[in-house]
Amino acid sequence: MKVLAFLLISPALALAQTRQPAAGEGVQVYGVLDAGVLVERGCRDNCAGSKLSPGISEGSRIGISGREPLGSHGNSAIFTVEGGVENDTGRSEEGRLFGRQAWVGLDGRWGALTLGRQYNLQYETLAEVADPFHGGLAGTATNLMGFTTKRYDNTIKYRTPAGRRWSAGAIYSFGESDFSTSGNKAYGATVGFADGIFTLRLAHQRKRNPIDAVGTTQPVDLSARNTLAAANVKLGNATVFAAYGVNRGWGSSPWDPSSPYGALTLATPSLYSRDVLAGLSYVSGPFTYMASFIHKDDRSPANQDADQAGVGVVYSLSRRTALHASFAHIRNRNGAAYTAGTATETGKGNRALTFGLRHAF
């Protein structure tokens, strides 16, 4: 349990438990509670000003994972169920009992095959390899880059064995999403290289998301194609990050997932855009400093470009407890409506300041 808690509290490895099958035999209970103060400015509607916000650096969660060896050939049955917690109110995240993950599978020398609700490969590449904020704090790359949906339901996923320099994966979702009355299927693949100093990963995904006409509402196709090349290199205590993404389709850029028609809240959703990220993290004793700059180049006729600059710091009080602070500013052009969010909230304004506390168990 102590080893698991250490993995959860490390900024660089914060997503390790959510991505990989359980390493030890038996059943393990784990979790993260993260909360803090969020200050927003630059809202189109009235900003709340400041508020207590859950899941700033990581999504608060309670999970159970397990592994059972099957015979003497190195194969195991594995599972994870993980529920998100809005720990400012006690409600469940997304209104689901296990909305973060719920999958079962087999793991062996040939790799891991898992079935259920799982993270998609494009988001994993963005959070694990490209983003110095690893998908959290106000500077998270998900504010501008990639596809909104982090997880797919009804999914089959394969990964090559962990611990090797070269890796690959594939995913297929049968759809059945609440956000569409059509097929809503998705698939993707990834290939990567990591040698302990240099990490490179390429991911591509396609999601079919046509929404049928309902009453007087016209049909709309929010399908997406996202390709992302991401890399980072460790230089002593510093890590340099870089990424380049190409996005096509009405639903290919961030939009409000709280509504099936959330993408339409943008004045003119981007049909074609390119993303560039440059970032840096630096570890000095208990402090981890992070900074990144992202440019979204909208190639649609509206030319709704956006730039984001973000900075953050995490101070580890122990292996399981840390304080964190961050600031992000997004400059929207030509009516673009991108907002500065956190690990679990999309945000309402183009500027956000956070202070918080995270504890893993």
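For clarity, every value in this text was computed on a predicted model and none was experimentally measured.

Per-chain confidence: the chain averages 85 in pLDDT, with 84% of residues scoring 70 or above. Ranking the elements of the chain by mean pLDDT puts helix H1 (residues 2–9) last with 37 and strand E18 (residues 306–316) first with 97. Segment residues 1–22: pLDDT under 50, and 59 contacts once partners within four positions in sequence are set aside and those in other chains are kept.

Where a strand is regular, its side chains alternate between the two sheet faces. Pairing analysis gives eleven bridges linking strand E14 (residues 224–235) to strand E15 (residues 238–248), with the strands arranged antiparallel. If you follow threonine 227 over to E15, its bridge partner there is valine 246. Hairpin geometry of E14 and E15 is characterised by an intervening segment of two residues between the two adjacent antiparallel strands and by a positive phi of about 70° at glycine 236. Pairing of E15 with strand E16 (residues 272–284) involves eleven bridges; the strand directions are antiparallel. Counted as the bridge partner of arginine 248 is tyrosine 272 from E16.

Right, let's get into the pattern of salt bridges. Scanning all chains against the criterion turns up 15 salt bridges. When the shortest N-O distance is used, the salt bridge between arginine 100 and glutamate 93 registers 3.6 Å. Taken as a pair, arginine 100 and glutamate 93 share a single burial class, namely buried. The residue arginine 299 makes a salt bridge to aspartate 297 at a minimum N-O spacing of 2.7 Å. Taking relative accessible area as the criterion, aspartate 297 reaches 19% and is therefore assigned buried. Residues participating in the shared-partner salt-bridge network are Glu58, Arg61 and Arg358.

When you line up the elements, aspartate 34 lands in strand E1 (residues 26–43). One buried charged residue, aspartate 34, forms no salt bridge at all, with the nearest opposite charge on arginine 358 at 4.8 Å. Aspartate 34 has contacts with Pro54, Gly55, Ile56, Ser57, Glu58, Ser60, Asn87, His324, Leu357 and Arg358, leaving out every residue within four places of it along the chain.

What follows deals with the pairing of strand E7 (residues 111–119). Most of E7 is tucked away, with seven of its nine residues classed as buried. Pairing between strand E6 (residues 101–108) and E7: seven bridges, direction antiparallel. Looking across to E7, one finds that alanine 102 is bridged to arginine 117. With antiparallel pairing between neighbouring strands as the criterion, E6 and E7 make up a hairpin whose turn holds two residues. Note: E7 against strand E8 (residues 151–159), seven bridges, orientation antiparallel. Of the residues in E8, the one forming a bridge with leucine 113 is tyrosine 158.

How each quantity is defined
Residues numbered from 1 in each chain as written. Predicted model: local features only at pLDDT ≥ 70, side-chain atom pairs only at ≥ 80, totals over all residues. Heavy atoms only, no water. pLDDT = per-residue confidence, 0-100. Helix = DSSP H or I, 4+ residues; strand = E, 2+ residues; numbered from the N terminus. Contact = heavy atoms within 4.5 Å. Pairing = 2+ DSSP bridges. Salt bridge = Lys/Arg side-chain N within 4 Å of Asp/Glu carboxyl O. Buried < 20%, exposed > 50% of the residue type's maximum accessible area, 1.4 Å probe, protein only. Lys, Arg positive; Asp, Glu negative; His and termini not counted.

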